[in-house]
Amino acid sequence: MSRVWSIALHGGAGPIRQADYSAAEAHMAETLKIACAALEVGARAVDVAEKAIMALEESGHHIAGRGASPNALGQWELDAAIMDGETRNAGAVAALRGFRSPIRAARMVMDHSRHVMLVGKGASLFLRGRGLRRVWNPRDYYRPSVKRTIEPGELAHGTVGAVVLDGEGRLAAATSTGGLLGKMPGRVGDTPILGAGTWADERVAVSCTGQGEYFMRAAVAADISARVRYGKLGLKEAAAAALEDVHFLGGDGGLIAVDVLGNITVPFISESMKRGIASSRGEFHVAVRR
Ligand code: ASP
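All residue numbers refer to positions counted from 1 along the written sequence of the respective chain. pLDDT decides what is reported in this predicted model: residues at 70 or higher carry local features, side-chain atom pairs at 80 or more are listed and counted, and totals for whole chains, interfaces and linings draw on all residues regardless. Remark: hydrogens and water are excluded; side-chain values derive from all non-hydrogen atoms of the structure.

**So, the site of the ligand**
Okay, so step 1: Near the ligand you find His157, Gly158, Thr159, Thr177, Gly179, Arg187, Gly189, Asp190, Thr191, Thr209, Gly210 and Gly212, and these make up its full shell.
Okay, so step 2: Contacts described as polar in this section are N or O atom pairs within 3.5 Å, which, within protein, must combine one atom able to donate a hydrogen with one able to accept it, while residues neighboring in sequence count only if both atoms come from side chains. A distance of 2.6 Å separates a nitrogen atom of the ligand from a polar side-chain atom of aspartate 190.
Okay, so step 3: The backbone of glycine 210 places a nitrogen or oxygen atom 2.7 Å from a nitrogen atom of the ligand.
Okay, so step 4: Those elements that place two or more of their residues in the shell around the ligand are β5 (157–165), β6 (171–180) and β8 (204–210).
Okay, so step 5: Comment: elements are numbered from the N terminus, with helices defined as DSSP H or I runs of at least four residues and strands as E runs of at least two. Considering every element that reaches the shell around the ligand, the biggest residue donor is β5, with 3 residues.
Okay, so step 6: Here the shell around the ligand is composed, by residue class, of no nonpolar, 10 polar and 2 charged. By convention in these notes, a residue is near a molecule or strand provided one of its non-hydrogen atoms lies within 4 Å of it. Under the scheme applied here, ten amino acids are nonpolar (Ala, Val, Leu, Ile, Met, Phe, Trp, Tyr, Cys and Pro), four are charged (Asp, Glu, Lys and Arg), and all others, including Gly, are polar.

**With respect to the sheet that holds strand β1 (residues 6–10)**
Okay, so step 1: One open sheet accounts for 8 strands, arranged β4-β3-β2-β6-β5-β1-β11-β12; its pairing is mixed. Since the sheet does not close on itself, it has two edges, and those belong to β4 (117–119) and β12 (284–287), each with one partner. When strand polarity is set aside, the average angle formed by the axes of neighbouring strands in this sheet is 5°.
Okay, so step 2: In this analysis, two residues are considered to be in contact whenever any of their non-hydrogen atoms come within 4.5 Å of each other. Axis definition: a line fitted to C-alpha atoms, over the contacting stretch in the case of helices. Angles run 0 to 180 degrees between N-to-C directions. Across the face of the sheet, helix α2 (residues 45–59) comes into contact with β1, β2 (78–84), β5 and β6 while running at roughly 155° to β5. Between any two strands, at least two bridges found by DSSP are needed for them to pair.

**Focus on the pairing of β8**
Okay, so step 1: Of all 7 residues in β8, 7 are buried; the element is thus mostly enclosed.
Okay, so step 2: Of the two faces of β8, the one lined by Val204, Val206, Cys208 and Gly210 and the one lined by Ala205, Ser207 and Thr209 are each fully buried.
Okay, so step 3: Pairing analysis gives 3 bridges linking strand β7 (residues 198–200) to β8, with the strands arranged antiparallel. Residue pairing in the sheet places alanine 200 in a bridge with alanine 205 of β8.
Okay, so step 4: Remark: 3 residues form the turn of the hairpin made by β7 and β8, two consecutive strands paired antiparallel. Each residue is assigned to one of three classes by its accessible area relative to the maximum for its type, calculated with a 1.4 Å probe on protein chains only: buried under 20%, partly exposed between the two thresholds, exposed over 50%.

**Here we look at a nonpolar patch on the surface**
Okay, so step 1: On the surface, Val116, Met117 and Val119 cluster together into a nonpolar patch covering about 220 Å² of accessible area.
Okay, so step 2: Here valine 116 shows up in the loop between α3 (102–112) and β4.
Okay, so step 3: Among the residues examined, valine 116 registers a relative accessible area of 40% and is labelled partly exposed. For patches, a residue must show more than 30% relative accessible area and have no salt bridge; joins then use 9 Å for like charges and 5 Å for nonpolar side chains, namely Val, Leu, Ile, Met, Phe, Trp and Tyr. Each accessible area is a Shrake-Rupley estimate made with a 1.4 Å probe; only the visible protein chains count as cover when residues are assessed. Each salt bridge in this description consists of a side-chain nitrogen of Lys or Arg and a carboxyl oxygen of Asp or Glu lying within 4 Å of one another.

**So, the pattern of salt bridges**
Okay, so step 1: On inspection of all chains with the given rule, the structure shows 16 salt bridges.
Okay, so step 2: The residue aspartate 84 makes a salt bridge to arginine 44 at a minimum N-O spacing of 3.5 Å. Residue aspartate 84 is located in strand β2, and its partner arginine 44 is located in the loop between α1 (22–40) and α2; the two are separated by 40 residues in the primary sequence.
Okay, so step 3: Given the relative accessible area of 6%, aspartate 84 is considered buried.
Okay, so step 4: The class for arginine 44 is partly exposed, based on a relative accessible area of 30%.
Okay, so step 5: The shortest N-O distance in the salt bridge between glutamate 213 and arginine 187 comes to 2.7 Å.

**Brief notes about the nonpolar core**
Okay, so step 1: Take the buried residues of types Ala, Val, Leu, Ile, Met, Phe, Trp, Tyr and Cys, join any two whose side-chain atoms come within 4.5 Å, and each joined set is a nonpolar core. By size, the foremost hydrophobic cluster in this structure holds 40 residues, and its most contacted members are Ile7, Leu9, Ile53, Ile82, Leu96, Leu127 and Val164.
Okay, so step 2: Ranked by residues supplied to this core, first place goes to α2 with 7 residues.
Okay, so step 3: Membership of the second largest hydrophobic core comes to 34 residues, among which are Ala90, Leu165, Ala218 and Val258.

**Structural notes on unusual backbone geometry**
Trans peptide bonds make up the majority, and among non-glycine residues the majority have a negative phi.
Okay, so step 1: With a phi close to 40°, alanine 219 is a non-glycine residue in the positive phi region.
Okay, so step 2: Its location among the elements puts alanine 219 in the loop between α6 (212–217) and α7 (220–229).
Okay, so step 3: With phi around 55°, lysine 232 is a residue other than glycine that occupies positive phi space.
Okay, so step 4: Relative to the elements of secondary structure, lysine 232 occurs in the loop between α7 and α8 (235–249).

**A short note on the sheet that holds β8**
Okay, so step 1: Read from one edge to the other, the open sheet built from 4 strands follows the order β7-β8-β9-β10, with strand pairing classed as antiparallel. The sheet is open, and its two edges are formed by β7 and β10 (264–265), each paired on a single side.
Okay, so step 2: Alignment of strand β9 (residues 253–259) against β10, held across 2 bridges, turns out to be antiparallel. For alanine 257, the partnering residue across the bridge sits in β10 and is threonine 265.
Okay, so step 3: The strands touched by α7 within the sheet are β7, β8 and β9, with β8 carrying the most contacts at an inclination of about 145°.
Okay, so step 4: Along the sheet, α8 makes contact with β8, β9 and β10, crossing β9 at roughly 155°.

**With respect to the environment of leucine 132**
Okay, so step 1: Within the secondary structure layout, leucine 132 lies in the loop between α4 (120–129) and α5 (138–141).
Okay, so step 2: For leucine 132, a relative accessible area of 8% translates into the label buried.
Okay, so step 3: Other than its neighbours up to four places away in sequence, leucine 132 contacts Phe99, Ser101, Arg104, Ala105, Met108 and Leu127.

**Some words on the packing of α1 against α2**
Okay, so step 1: Running from N to C, α1 and α2 point in directions that differ by 160°, and their axes come no closer than 10 Å. Regarding the angle of α1 to α2, the classification is roughly antiparallel. The handedness of the crossing between α1 and α2 is right-handed. Contacts between α1 and α2 pair His27, Met28, Thr31, Ala35, Ala38 and Leu39 from the former with Val48, Ala52, Ala55, Leu56 and Ser59 from the latter. To sort the angles, those under 35 degrees are grouped as roughly parallel, those over 145 as roughly antiparallel, those from 65 to 115 as roughly perpendicular, and the leftovers as oblique. Rotating anticlockwise by less than a right angle from the far helix to the near helix defines a left-handed crossing, while the corresponding clockwise rotation defines a right-handed one.

See below:
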């Protein structure tokens, strides 16, 4: 592969000030290295994004997949979406219960159904029919990665995301989340909503993290693409402007984005965001705080 590729990952914009995230950082660096090796030998963006998210979900280091926290009734309801920028194919699941990998579920919706999003019993039937790995006993499987008291009115949260440009110029985005800590049963955030928390087209790929209610109200991911397309902004300016809208509405969080030229931006207006970037130009960086 001689062409430019680039990738960014995030592990959510909700880190706690005093916590030690060195194990999460080391795991993210390892996940990035595996993704880089795949991109180097010509892997497709959408496959790299899915695999990276599966690794982050399974690690238990983030509030997604294995590390997800339960809702107010003590049930795990998880959201995920994946989008292939080349074809604009996409798959999503929302408030999914009983499966190990929400991103794999989203990919199955994309690849094996005529629909973009499945929820509830229908999602469960479809995924069981496809043999997706189940969670038999939630209390044995999930390891809530965050133990904290949530202030009344606080929207504490966590998520994992990946955005990828491959060597053939294809873009993809994938996001998976446990959502807000202690959320109401049935609550769905921005993560599985295309154009809000997840988006990829022929120009940009975006994955957001933060208080999903605000990211939906600002249509952040699609807004970045629109600002690049119609406003002729660069990726960095477009992403900063979209996040500014979230800030204006009173929300917090961050995002990762790459464009078709291989530019990467990872802005956040929260205190910190677990993130990693790498590219064929030799960039490689993992961080949590500013
Ligand atoms: N955006 C996610 C949600 O609102 C949470 C997060 O990214 O931390 O469900």
